[in-house]
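What follows is each chain in one-letter form.
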Amino acid sequence: MTTRMWSGAVLVIFSVTVTFAIPPDYQLPKLKKDGKQWALLVAGSNGWGNYRHQADVCHAYHIVRSHGIPEEQIIVMMYDDIAYNAENPYPGEIINQPGGENVYKGVTIDYKGKDVNPKTFLDVLQGKEENVKGVGSGKVIKSNSEDNVFVNFVDHGAPGLIAFPDQFLHAMDLNIALDRMHDNKQFHQLLFYLETCESGSMFSSLIQKDYNILAVTAANSTQSSYACYFDKKRQTYLGDLFSVNWMQNSDKRNLNSETIEEQFQIVRKETNQSHVMEYGDLEMNLLMLSTFLGYEQDNHIVLDAPNPNLDAVPSEDVNITIQRYVYRMAKAENNEQEMAESLDRINAIMKKREETDITMKHIVSLVAGDNNFREQDQMLMGENNLYRHDCYVTVVEYLKDKCDRLDLPSNRYSLKHLRIMVNLCERPYSTDAIISAIDKVCL
Ligand SMILES: *[C@@H]1O[C@H](CO)[C@@H](O)[C@H](O)[C@H]1NC(C)=O
Ligand SMILES: *[C@@H]1O[C@H](CO)[C@@H](O)[C@H](O)[C@H]1NC(C)=O
Ligand SMILES: *[C@@H]1O[C@H](CO)[C@@H](O)[C@H](O)[C@H]1NC(C)=O
């Protein structure tokens, strides 16, 4: 009895001592400089209307490069159809803020065009060099247990998936790859910054909390992410809100003395149209940003930037907002031909949206029952979390392949409506029932 009390007292004293012995900068042991730093930067889209995704990624390249991560340890995947796009009034130039510098300059692109796809992305991430032999530069993340890895992906998304130009990357496949990398000791710590709509759904309920992986996302599981900086001359958006905010913060601050947490709090406040979220190992918040973005000081002069919130629009409205602007300009100039053309484009977008709505309603009515309006409404309006990944992946891939009118994977309005497929799968209706409804509606 007395012995136990005695040892209890010692324990208390011991834990008190330890509490006081921890210096405020106790994260220091994690700040290992001996390992290498790797960065994988990916823009998953193509086309002039998606200018901003590649602009973000070029900007990210300069951040990690100018903070000292060597060229050999940075891998860039982007379609590369923007700088010399026929619609670019400034050939060879990409900017990421109004009046900004040319961020395309100096960027080495490892994987372009058709090589920007989910399989290559996962191979590069997991260091599977033999799988990308003869593809692009063939460079992969060759990291070991000492190294820190930074991944930045920017593009369109939907519940449980992120898009590439022709294909989807599903949440399960991404998380399995990250888990494998952890098991194979392919990183000391990994930081993932993800800008897509519904980006939270890629990690919530899937990411391991004790695998030294921290994911920061532009939005929660059910929200759009936002484009910003509409450029009148280029007639497209120059950046995305979350991306622009974290990168402008990184450009201004000393990355050796700002923690991930500090940046998260600032960016979360600035990105006020969606909820910036964090998933995984939240203890990593204590690490300095330089742990992932490079230890060297970057002394280049940072240009002032306007507030990106002022003209932010949800990703699915980028198309139509641009056309409305073109129409207003044409009207101001009394250019009737241009007015008619932009009106045609606006009508085409509206028609496509209506078609998407009708298609989704039709599928739901077949699955939920023609007269069951209450159930139909729940399927159309609900915002369920995704757990039945098998059903959802099958259904979404089927829609992409068989339902041409939805324009998957590129049409953001259709992508947003995939949450209806989440609702159906979670009800749970059987995969077969949903597939057979799709057959009837789309074929
Ligand atoms: C995401 O944000 C929306 C809008 O604020 C909110 O209604 C919804 O509950 C949030 N979802 C999650 C999972 O946090
Ligand atoms: C977001 O912040 C901007 C200023 O930065 C402000 O004009 C806007 O009203 C805010 N929006 C919301 C939804 O709070
Ligand atoms: C923009 O609109 C066109 C025509 O409706 C469509 O094909 C394209 O996928 C849309 N892009 C996005 C990002 O939604």
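Residues numbered from 1 in each chain as written. Chains lettered and ligands numbered in written order. Predicted model: local features only at pLDDT ≥ 70, side-chain atom pairs only at ≥ 80, totals over all residues. Heavy atoms only, no water.

J.: Which residues make up the overall build of the chain, and what values do they have?
T.: Counting its regular elements, the chain contains 14 helices and twelve strands. For 443 residues, the compact-globule estimate of 2.2 N^0.38 gives 22 Å, and the C-alpha radius of gyration of the chain, at 24 Å, lies within 12% of that figure. Here the analysis covers contacts within the chain between residues at least 6 apart in sequence; of these, 77% occur between residues at least 24 apart. (Helix = DSSP H or I, 4+ residues; strand = E, 2+ residues; numbered from the N terminus. Rg over C-alpha atoms; globule rule 2.2 N^0.38 Å. Contact = heavy atoms within 4.5 Å.)

J.: Run through the state of the cysteines, naming residues and quoting values.
T.: The tally for this structure, following the rule as stated, stands at two disulfides. Here cysteine 391 pairs with cysteine 425 through a disulfide, and the sulfurs are 2.1 Å apart. One quick way to see it: the torsion about the S-S bond of cysteine 391 and cysteine 425 is about -75 degrees, and its sign makes the bridge left-handed. Residue cysteine 391 is located in helix H11 (residues 389–402), and its partner cysteine 425 is located in helix H13 (residues 419–426); the two are separated by 34 residues in the primary sequence. Exposure remark for cysteine 425: the relative accessible area of 0% places this residue in the buried category. (Disulfide = S-S within 2.5 Å. Buried < 20%, exposed > 50% of the residue type's maximum accessible area, 1.4 Å probe, protein only.)

J.: Provide a residue-level description of the sheet that holds strand S3 (residues 148–154), including the pertinent values.
T.: One open sheet holds the six strands; their spatial order is S2-S1-S3-S7-S8-S11, and the pairing between them is mixed. Single-partner strands in this sheet number two, and they are strand S2 (74–77) and strand S11 (277–280). Along the sheet, successive strands turn relative to each other by an average axial angle of 10 degrees, direction set aside. Bridge analysis of strand S7 (residues 189–195) against strand S8 (residues 213–217) gives five bridges, and the strand direction is parallel. Among the inter-strand pairings, tyrosine 193 is bridged to a residue of S8, identified as valine 216. Along the sheet, helix H2 (residues 51–66) contacts strand S1 (37–43), S2 and S3; its crossing angle with S1, the most-contacted strand, is approximately 165 degrees. Sitting on the sheet, helix H3 (residues 118–125) is in contact with S1, S2, S3 and S7, with an inclination near 175 degrees to S1. (Pairing = 2+ DSSP bridges. Axes fitted to C-alpha atoms, helices over the stretch in contact; angles between N-to-C directions.)

J.: Outline the site of ligand 2, supporting the account with residue identities and numerical values.
T.: In the vicinity of ligand 2, the residues found are Asn272, Gln273, Asn307 and Asn309. One nitrogen or oxygen atom from the side chain of asparagine 272 is found 2.4 Å from an oxygen atom belonging to ligand 2. Within the side chain of asparagine 307, one N or O atom sits 2.7 Å away from an oxygen atom of ligand 2. For ligand 2, whose unbound accessible area comes to 360 Å², protein coverage reaches 42%. Partitioning the shell around ligand 2 into residue classes produces no nonpolar, four polar and no charged. (Near = heavy atom within 4 Å. Polar contact = N/O pair within 3.5 Å; in protein donor to acceptor, adjacent residues only side chain to side chain. Areas by Shrake-Rupley, 256 points an atom, 1.4 Å probe, with all protein chains shown as cover. Nonpolar A, V, L, I, M, F, W, Y, C, P; charged D, E, K, R; others polar.)

J.: Go over the site of ligand 1, please, and point to the residues and values.
T.: Close contacts around ligand 1 come from Asn220, Thr222, Gln223 and His275, and that covers them all. At 2.4 Å, a side-chain N or O of asparagine 220 approaches an oxygen atom of ligand 1. Glutamine 223 is positioned with one of its side-chain polar atoms (N or O) 3.3 Å from an oxygen atom of ligand 1. Protein burial of ligand 1: of its 360 Å² of free accessible surface, 44% is covered by the chains. Its residues placed into classes, the shell around ligand 1 shows no nonpolar, four polar and no charged.

J.: Tell me about the packing of aromatic side chains, residues and numbers included.
T.: Tallied over the full model, the rule gives twelve aromatic pairs. On the basis of an interplanar angle of 65 degrees and a centroid distance of 5.4 Å, the ring pair of phenylalanine 192 and phenylalanine 203 is categorised as edge-to-face. Of this pair, phenylalanine 192 sits in strand S7 while phenylalanine 203 sits in the loop between S7 and S8, placing them eleven residues apart in sequence. As far as burial versus exposure is concerned, phenylalanine 192 and phenylalanine 203 are alike and both buried. Three or more aromatic residues joined by ring pairs form one cluster here, namely Phe150, Tyr193, Phe242 and Trp246. (Phe/Tyr/Trp six-rings, centres within 6.5 Å; stacked < 30°, edge-to-face > 60°.)

J.: Give me the pattern of salt bridges: which residues, what numbers.
T.: Inspection of every chain in the model, using the stated rule, returns 19 salt bridges. Ionic pairing is found between aspartate 110 and lysine 139, a salt bridge with its closest N-O pair at 3.3 Å. Pair noted here: aspartate 110 is in the loop between S2 and H3 and lysine 139 is in the loop between H3 and S3, with a separation of 29 residues, a long-range link. Side by side, aspartate 110 and lysine 139 carry an identical accessibility label, which is buried. Here glutamate 316 and lysine 416 are joined by a salt bridge, their closest N and O atoms 3.4 Å apart. Residue glutamate 316 is located in the loop between strand S12 (313–314) and helix H8 (318–332), and its partner lysine 416 is located in helix H12 (residues 412–417); the two are separated by 100 residues in the primary sequence. Three or more residues joined by partner-sharing salt bridges are found here, namely Glu198, Glu316, Arg412 and Lys416. (Salt bridge = Lys/Arg side-chain N within 4 Å of Asp/Glu carboxyl O.)

J.: If you had to explain the packing of helix H9 (residues 336–368) against helix H10 (residues 373–381) to someone new, which residues and values would you point to?
T.: At their nearest, the axes of H9 and H10 sit 9 Å apart, and the two run at 135 degrees to each other. In terms of orientation, H9 and H10 fall into the oblique class. For the crossing formed where H9 meets H10, the hand is right-handed. Residues Met360, Lys361, Val364, Ser365 and Ala368 of H9 lie in contact with H10, whose contacting residues are Glu375, Gln376, Met379 and Leu380. Within the contact of H9 with H10, the residues separate by chemical class into five nonpolar, two polar and two charged. (Parallel < 35°, antiparallel > 145°, perpendicular 65-115°, else oblique. Left-handed = near helix turned anticlockwise from the far one by under 90°.)

J.: Lay out the domain arrangement of the chain in plain terms, naming residues and giving numbers.
T.: Split into domains, the chain comes out as domain 1 (37–313) and domain 2 (358–442). The straight-line distance from the C-alpha centre of domain 1 to that of domain 2 is 30 Å. In this assembly, 22 residues from domain 1 lie in contact with 19 residues from domain 2. Of all residues in domain 1, Pro159, Phe168 and His170 bury the most surface against domain 2, accounting for 35% of the area lost on that side. In this structure, the connection of domain 1 to domain 2 is made through one salt bridge. Between glutamate 198 and arginine 412 there is a salt bridge, with the nearest N and O atoms lying 3.0 Å from each other. For the pair domain 1 and domain 2, the number of links is five residue pairs in polar contact (both at pLDDT 80 or more). (Domains from an automatic or database assignment. Buried area = accessible area lost by both parts, 1.4 Å probe.)

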